[in-house]
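Chains, contacts and geometry: an overview
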Amino acid sequence: MSIGIAMEPERKDEEGVVLTEAQKRARRSRSIAIALALGALVLLFYAMTLVKGPGVLVRPM
Amino acid sequence: MSLISEGAGLRGPMRGPLRGPLAAGPDVAFDEPSLASVGDYIALLKPRVMSLVVFTALTGLAVAPGTLHPLTAFTALLCIAVGAGASGALNMWYDADIDAVMTRTSRRPVPRGRVKPREALAFGLTLSGFAVVTLGLLVNWAAGALLAFTIFFYAVIYTMWLKRATPQNIVIGGAAGAFPPMIGWASVTGSLSLEPILLFLIIFFWTPPHFWALALYRAEDYARAGIPMLPVVSGDATTRRQILLYTAILVPLGIAPWLLGYAGFIYGITAVVTGAAMLVLSWQVLRERRPIETASRRLFAFSILYLFLLFAVLLADRGWGGLIARLAA
């Protein structure tokens, strides 16, 4: 047992936080944006690796 | 009592006007799931500022000697844009309290409650890290280090310190907005020289007339927020003189790339004509008295066009050929 657990507020609602439709829509749109950004980052690093070729590890100051 | 101290006196129990993000109120809604949309997060990036940053960085990148693969150039500009956006998010995190009381900024996502301050902070820090590391890894570390310093300068030196501490806030802080052409240049060369420093100086000396022209007709807004802008602290007359002084320094700097042989005749003519217009408008601002603010508004609007024209003509004059050569290479 820890103090942290003892200080945890009790939830009155056993289901926890229930999202409204608007909150679900907002979360979904944010999740899609994050997924697209990460996908674009993967593609960017992949393409840049091809561009740099063997020199990919050479990063001059 | 000055306007600024009156504003400061209204700012509650914390240390005068220096309250930072906590001034947006206790974060009581931390258990409430966010309603923030993607658009709210895009607004945190200050897209209009970002577009000017990208444009000046593109000019620095295009006029730099040497070669750079188009995809590497794109990556550099993307990182600079994201870094600039991250600075904006950090600025909105820290300035939520003063944004809330200023008409111009009260609709921003944090004061509206769409994005919580700590979400804006996390967003800004994450993007800063990604932008700097990606620029360093994929382009070069000189550019990455410059971008990191720019973000630090804007978020910490300007936003957290200078903005609420001194009427010279936008003079010194203006350096943050002047770094992008240097980062663009360093992305190509991995170093700096006189030419990118000249581009830095043009934006640096452009910033005070631009922002003080705005501050002249928004002085009450700044006073209410407790920001020590020059018109609030030193009054209209001093501000109008300072605007003319900085414009008098700016105009020769604008012409300098032509005089030093970095740009051609078309750039020179553009810099002379638009520089003369800046001087005339600054002179009109000097002679103007409240409540008339036509000249101030004109100078503010024209200063944007002035900077855009200088960099656009320089890009067309010097950079366009370089970009085409790089694309063809």
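Rules behind the numbers
- Residues numbered from 1 in each chain as written.
- Chains lettered and ligands numbered in written order.
- Predicted model: local features only at pLDDT ≥ 70, side-chain atom pairs only at ≥ 80, totals over all residues.
- Heavy atoms only, no water.
- Helix = DSSP H or I, 4+ residues; strand = E, 2+ residues; numbered from the N terminus.
- Buried < 20%, exposed > 50% of the residue type's maximum accessible area, 1.4 Å probe, protein only.
- Contact = heavy atoms within 4.5 Å.
- Areas by Shrake-Rupley, 256 points an atom, 1.4 Å probe, with all protein chains shown as cover.
- pLDDT = per-residue confidence, 0-100.
- Polar contact = N/O pair within 3.5 Å; in protein donor to acceptor, adjacent residues only side chain to side chain.
- Nonpolar A, V, L, I, M, F, W, Y, C, P; charged D, E, K, R; others polar.
- Salt bridge = Lys/Arg side-chain N within 4 Å of Asp/Glu carboxyl O.
- 1 Å grid on protein atoms, 1.4 Å probe; cavity = no way out; pocket = protein on both sides within 12 Å on 5 of 7 lines; lining within 4 Å.
- Points joined across faces, edges and corners; volume = space filled by probe spheres on them.
- Phe/Tyr/Trp six-rings, centres within 6.5 Å; stacked < 30°, edge-to-face > 60°.
- Lys NZ or Arg CZ within 6 Å of the ring centre and 35° of its normal.

**Considering the overall build of chain A**
Along chain A, the regular secondary structure elements total two helices and zero strands. Residue burial in chain A is summarised as follows: out of 61 residues, 11% are buried.

**Structural notes on the overall build of chain B**
A count of helical and extended segments in chain B gives 16 helices and zero strands. When each of the 329 residues of chain B is scored for burial, the buried share is 55%. Contacts in chain B between residues far apart in sequence, at least 24 positions, make up 76% of those at least 6 positions apart. Summed over its atoms, the accessible surface of chain B is roughly 13600 Å², and 70% of this surface lies on carbon and sulfur atoms.

**A closer look at the confidence of the model for chain A**
Of all residues in chain A, 66% attain a pLDDT of 70 or more, and the chain-wide mean is 78. Residue range residues 1–5 of chain A is modelled with pLDDT below 50. Its contacts to residues more than four positions away, or to other chains, number zero contacts.

**Overview of the interface of chain A and chain B**
Facing the 18 residues of chain A at the interface are 24 residues of chain B. At the junction of chain A with chain B, the criterion picks out two residue pairs in polar contact (both at pLDDT 80 or more). Classifying every residue of the side of chain A that touches chain B by side-chain character gives 13 nonpolar, two polar and three charged.

**Remarks on the pattern of salt bridges**
Residues and elements named next belong to chain B. For the coordinates displayed, the defined rule picks out 11 salt bridges over all chains. Notably, a salt bridge pairs Arg114 with Asp40, separated by 2.8 Å at the nearest N-O pair. Separated by 74 residues along the polypeptide, Arg114 in the loop between α6 (109–112) and α7 (117–138) and Asp40 in helix α2 (residues 38–44) bring together distant segments of the chain. One salt bridge connects Asp221 with Arg224, and the closest N-O pair in it is separated by 2.5 Å. One end of the pair, Asp221, and the other, Arg224, are both in helix α12 (residues 219–225), three residues apart, so they sit about a helical turn from each other.

**So, the layout of surface pockets**
Of the voids in this model, the largest pocket is the one considered here, and its volume is about 1400 Å³. For the lining of the largest pocket, the elements supplying multiple residues, two or more each, are α3 (47–63), α4 (70–94), α5 (96–101), α8 (141–165), α9 (169–178), α10 (180–189), α11 (194–217) and α16 (294–328) of chain B. Broken down by element, the residue count for the lining of the largest pocket peaks at eight residues, all from α3 of chain B. Residues of the lining of the largest pocket, tallied by class, amount to 30 nonpolar, 13 polar and six charged. A volume near 880 Å³ is recorded for the second largest pocket. In terms of lining residues, the second largest pocket is bounded by 24 residues, among which Ala33, Ile34 and Ala37 of chain A together with Phe123 and Leu127 of chain B are the most central. Elements supplying a minimum of two residues to the lining of the second largest pocket: α2 (21–52) of chain A together with α2, α4 and α7 of chain B. Among the elements that make up the lining of the second largest pocket, the one with the highest residue count is α2 of chain A (eight residues). Grouping the amino acids of the lining of the second largest pocket by side-chain chemistry returns 20 nonpolar, three polar and one charged.

**Looking at the packing of aromatic side chains**
Residues and elements named next belong to chain B. Applying the stated criterion across every chain, the model contains 14 aromatic pairs over all chains. Where Tyr154 meets Tyr158, the ring centres are 5.5 Å apart and the plane angle is 25°; that geometry is what we call stacked. Pair noted here: Tyr154 and Tyr158 are both in helix α8, with a separation of four residues, about one helical turn. For Tyr158, a relative accessible area of 12% puts it in the buried group. Ring plane angle 70° and centroid distance 6.3 Å describe the contact between Trp258 and Phe265, whose orientation is recorded as edge-to-face. By relative accessible area, which is 57% here, Phe265 ends up exposed. Among the aromatic residues, those joined into a cluster by ring pairs are Phe149, Phe153, Phe179, Phe200, Phe204, Phe205, Trp212 and Tyr246. The ring of Tyr217 has Arg297 sitting right over it, with the charged end atom 4.1 Å from the ring centre.

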